[in-house]
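Overview (structure and organization)
Residue strings, one per chain:
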Amino acid sequence: MDIKDLLPIGSFEEIKSSIEQKEAMAAESPETRAMIEQAAEQMLEELPNCKKLIIRNDYDCDGATAGYIIAATAQSINPDIEIEMRPSDRRYGYGVPAS
């Protein structure tokens with residue numbers, strides 16, 4: 001079996017182009033940028049007095065990296081903070097669960 005047989009309808013190049021377009025649109029979205037800025041501001045406000053931070057992330061390369069960056073940033077703001085990493089469970093699908 002060839003990898004192309006496992007891909008959705010469309011060529012690899014078409015799928016890659018579609019994903020890149022969606023990523024670019026999300027990055028340029030004023031709503032997305034506002035949500036990211038609001039989350040960052042809230043974290044900076046809460047972290048100095050926070051005793052424990054639970055980080056929910058997925059288990060792939062970008063999820064593990066994002067979790068590490070958040071943990072390192074939190075510890076640089078509040079060295080006494082207790083951090084617990086909770087990677088998502090693969091039994092329930094891919095990505096971070098809503099609950």
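Scroll up for the structure.
First things first, this report covers the structure right here in the doc. All of these numbers come straight from a predicted model, not from anything done at the bench.

**Observations regarding the side chain of Asn57**
Looking at the element boundaries, Asn57 is found in strand E1 (residues 52-57). A distance of 3.2 Å separates a polar side-chain atom of Asn57 from the backbone oxygen of Gly63.

**Quick word on the environment of Ile55**
With respect to the helices, strands and loops of the structure, Ile55 is situated in strand E1. Residues Ile55 and Pro87, 32 residues apart in the sequence, show an inter-C-alpha distance of 8.0 Å. Here Ile55 is in contact with Gly67, Ile70, Ala71, Ile83, Glu84, Met85 and Arg86, once residues within four sequence places are set aside.

**So, the pairing of E1**
Only one face of E1 is covered, namely the face carrying Leu53, Ile55 and Asn57; the face carrying Lys52, Ile54 and Arg56 is uncovered. Pairing of E1 with strand E2 (residues 82-87), which is carried by six bridges, proceeds in the parallel orientation. Paired with Arg56 across the strands is Arg86, a residue of E2. For the crossover from E1 across helix H3 (residues 61-77) to E2, the handedness is right-handed.

Calculation rules
Residues numbered from 1 in each chain as written. Predicted model: local features only at pLDDT ≥ 70, side-chain atom pairs only at ≥ 80, totals over all residues. Heavy atoms only, no water. Helix = DSSP H or I, 4+ residues; strand = E, 2+ residues; numbered from the N terminus. Polar contact = N/O pair within 3.5 Å; in protein donor to acceptor, adjacent residues only side chain to side chain. Contact = heavy atoms within 4.5 Å. Buried < 20%, exposed > 50% of the residue type's maximum accessible area, 1.4 Å probe, protein only. Pairing = 2+ DSSP bridges. Right-handed = clockwise from strand over helix to strand, strands pointing away.

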